[in-house]
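# Descriptive analysis of the structure
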Number of protein chains: 4
Amino acid sequence: MSPLKILITGFAPFGGQDLNPAYEALKLLPGVIEGASVVKAELPTVFGKGAQVLRDLLAAHLPQVVLCLGQAGGRPGLSVERVAINLKDAAIPDNEGNRPADELIRAGGRAAYFSTLPTRRIVRHLQERGIPADLSYTAGTFVCNEVFYSLLQYQEEEGTGAKGGFIHVPYAPEQAANFSPLAPSLPIATVAAGVELAIALMVNEIQEG
Amino acid sequence: MSPLKILITGFAPFGGQDLNPAYEALKLLPGVIEGASVVKAELPTVFGKGAQVLRDLLAAHLPQVVLCLGQAGGRPGLSVERVAINLKDAAIPDNEGNRPADELIRAGGRAAYFSTLPTRRIVRHLQERGIPADLSYTAGTFVCNEVFYSLLQYQEEEGTGAKGGFIHVPYAPEQAANFSPLAPSLPIATVAAGVELAIALMVNEIQEG
Amino acid sequence: MSPLKILITGFAPFGGQDLNPAYEALKLLPGVIEGASVVKAELPTVFGKGAQVLRDLLAAHLPQVVLCLGQAGGRPGLSVERVAINLKDAAIPDNEGNRPADELIRAGGRAAYFSTLPTRRIVRHLQERGIPADLSYTAGTFVCNEVFYSLLQYQEEEGTGAKGGFIHVPYAPEQAANFSPLAPSLPIATVAAGVELAIALMVNEIQEG
Amino acid sequence: MSPLKILITGFAPFGGQDLNPAYEALKLLPGVIEGASVVKAELPTVFGKGAQVLRDLLAAHLPQVVLCLGQAGGRPGLSVERVAINLKDAAIPDNEGNRPADELIRAGGRAAYFSTLPTRRIVRHLQERGIPADLSYTAGTFVCNEVFYSLLQYQEEEGTGAKGGFIHVPYAPEQAANFSPLAPSLPIATVAAGVELAIALMVNEIQEG
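This is a predicted model, so every value here is computed, not measured. (Residues numbered from 1 in each chain as written. Chains lettered and ligands numbered in written order. Predicted model: local features only at pLDDT ≥ 70, side-chain atom pairs only at ≥ 80, totals over all residues. Heavy atoms only, no water.)

What follows covers the interface of chain A and chain B. The interface of chain A with chain B comprises 20 residues on the first partner and 20 residues on the second. Taking both sides of the interface into account, the surface hidden between chain A and chain B amounts to around 1,500 Å²; carbon and sulfur atoms contribute 63%. Of all residues in chain A, the largest losses of buried area upon contact with chain B belong to Pro76(A), Ala177(A) and Pro181(A), amounting jointly to 28% of the total for that side. Taken together, the links from chain A to chain B amount to zero salt bridges. Where chain A packs against chain B, one counts two residue pairs in polar contact (both at pLDDT 80 or more). The leading source of residues in the side of chain A that touches chain B is helix H5 (residues 173-179) of chain A, at five residues. Here the residues of the side of chain A that touches chain B are counted per class, giving 13 nonpolar, five polar and two charged. (Contact = heavy atoms within 4.5 Å. Buried area = accessible area lost by both parts, 1.4 Å probe. Salt bridge = Lys/Arg side-chain N within 4 Å of Asp/Glu carboxyl O. Polar contact = N/O pair within 3.5 Å; in protein donor to acceptor, adjacent residues only side chain to side chain. Helix = DSSP H or I, 4+ residues; strand = E, 2+ residues; numbered from the N terminus. Nonpolar A, V, L, I, M, F, W, Y, C, P; charged D, E, K, R; others polar.)

See the structure below:
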């Protein structure tokens, strides 16, 4: 049997920031986790384009597990998202200046998709290992949510049988220090450790059937 | 000229926690910072005793700079305290079960002492180097504040000419993960890096006159 | 043409509280708002039963607009919910001791329904009139969300053409004072004024076509 | 015996706001509370001038109790201040454009004064009557703290035997609605009810000896 393939994505920095802690954490991940091979990719923080790049990656790599990562400044730990909704509404412009207001991601599409990752077990696994983590019931309405929605829609419509989900991560300390001294933050290495633990859990669950 | 001597203290864990991130950070500090020698000590988290142990250390070591560190769960970064007040009031028992309510630390003592460290420059220095930090105008009314008040009182009354101050530090991630998933946290290594930067700044300022 | 009929519901107190500010606010509403007749009802804070009582009310009264109100301690203003999800998960027991964990509200049901009220216009209308209000993208996973989901499901499946939505309200000041001194709160009269403004806006929009 | 005289002050609006909820609440107070006569005054939100107007009022009216009120946007309830510190540092300009940075209020003055009001009993009294209230250990470093410090300094230096204190109040709902939808707020009438309860408590304590 060929090894599992895991696709992990992060986003380009946005909102005037120099870095995106989700993508920086992704870079720190090893290429193989519990025997599964890890494919890493950066998505543009642009409505429409982020989701299109993701679909191209899904078609090219046929991963069995897909985990998208994004920055959610203000959250204190790894925020494991349970649900993606069919709505785009941008409080700030994306990286090409788009600012949709109360639009559907896909006309006629479902109102929402649930993550197909074991979200609660991931949260418990991380907490037991000392990584701050929590379940979240809103991934917002920016590009992160659009990519998350598009991922789950693709996986269901294509019948890939693959699993998909999204984790939001806090600011890196250097972002909080510079922009928002009262916001919580976690070092990128801590975030990467948490993401690696989450992936290891999922790989082991799949391999144990 | 003999090298500067810096005394850094942390507290024993309290409130049912297994560790105190302030003391754990202290353990990670090098023995020499910018040429100054660093003396480390743990204080008991007990009203009266913490301050007495500190006074004994001050008399024994004659440090030119004293920095006390304490845990302040819920704060997002290194919280550089500006003022210690003559008040003890405990929301939880200390490590020997004492729970003073609205008592003076010292009858007839001053209402407050200001930190004699360069608090604002420390905050700016840390922020510029990517460590979340902020000025704080209340060190609370628990053992931390009592030790801080006692330090400044001692230094003034003894006319030591030494500098003294206090920094509160956030939960470690493992504390937040276990006890308070929505509380901010910072790894002990990040806290230690910030404390070392603060000390280096002070040593350099003193040496440059 | 017969006048519009509006159904407004609140919940029984739960979680050991003596009152539910949502239901108390509802009691203060007039029986007629902008010419529309207002039907008020209390729902049990019990999984399954709350939704069943609501469905009976919908069948009995045939309202053209339905607004359910619920308490969300910790929120600072009227929190206009945009989306109900097919999930029940209770951090505390309901009023009959049920505590579902990660269950579907309806097997085979949609993942989510969007509010059919003009949520953003309601928020803006309230803010312009001095009532703190905000859009929310999660109504939680307790009985509130189940009732909200069941409302929208019923209205769609029955093809009633009616509008439905949910507003979460903050603690009353007496709740915050007694239970949670650091939680935000708003008096019940302020909440009622906001709810009445929201209803008036909707009635006027419907009457103006 | 002549009746007690109570001086209550509020501040002019500042920071671009149209109203100051502390002063608006003051306007709602009755002229007599538990037999004590209430003198009301507005202070300019200007460093130096606010304190000077207060001193003139103290000299003119010889009040036995003085309560200064100020706005502290972001706090959820009546915040009864325990300590005023000898420091001015302005994050925003006052109403005449002054922006002191790390200056003493009074060179050679004490580091701090404690409120001489029964702060903890006030908090408990308000909470028991359903008004959100909490003790605070920092009145900030803006004009509010300067007036608070100057009040306590005057009362001590003049040996008036009078009591003095400060209560910070939250945003009014219309301020939160317009400026800061996620900030807590309380209606001015609720704030006024809390202030009246606090004054009644103090008057009764003084009259009962």
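In this structure, Ile8(B), Leu78(B), Ile199(B), Ile8(D), Leu78(D) and Ile199(D) are the most contacted members of the largest nonpolar core, which totals 88 residues. If sequence neighbours within four positions are ignored, Ile199(D) has contacts with Ile6(D), Ile8(D), Leu29(D), Ile33(D) and Leu67(D). If you look at the next biggest cluster of nonpolar residues, it comprises 87 residues, including Leu69(A), Leu78(A), Val191(C) and Ile199(C). (Core = buried A, V, L, I, M, F, W, Y, C linked by side-chain atoms within 4.5 Å. Buried < 20%, exposed > 50% of the residue type's maximum accessible area, 1.4 Å probe, protein only.)

Looking now at the side chain of Thr141(B). Structurally, the position occupied by Thr141(B) is in the loop between strand S8 (133-136) and helix H4 (143-158). Judged by its relative accessible area of 9%, Thr141(B) falls in the buried class. Among the polar contacts made by the side chain of Thr141(B), one reaches the main-chain carbonyl oxygen of Asp89(B) at a distance of 2.6 Å. With near-sequence residues (within four places) excluded, Thr141(B) lies in contact with Phe47(B), Ile85(B), Leu87(B), Lys88(B), Asp89(B) and Tyr137(D).

Residue and element names in this part refer to chain C. Mapped onto the fold, Phe14 is located in the loop between strand S1 (5-11) and helix H1 (21-28). Judged by its relative accessible area of 12%, Phe14 is buried. For Phe14 and Pro93, which are 79 residues apart along the polypeptide, the C-alpha to C-alpha distance reads 8.9 Å. Once residues lying within four places of it in the same chain are set aside, the contact partners of Phe14 are Asn20, Thr45, Gln71, Ile92, Asn95 and Phe142.

Before going further, it helps to spend a moment on the relation of the copies chain A and chain B. Superposing chain A onto chain B takes a rotation of 180° combined with a translation of 0.0 Å along the rotation axis, leaving an RMSD of 0.0 Å. Taken together, the rotation and translation relating the two chain copies correspond to the operation of a two-fold axis. Relative to the rotation axis, the C-alpha of Pro184(A) is the closest in chain A, positioned 2.5 Å from it. Most of the interface of chain A is mirrored in chain B, where 100% of its interface residues are also at the interface. (Least-squares fit on C-alpha atoms with pLDDT ≥ 70 in both.)

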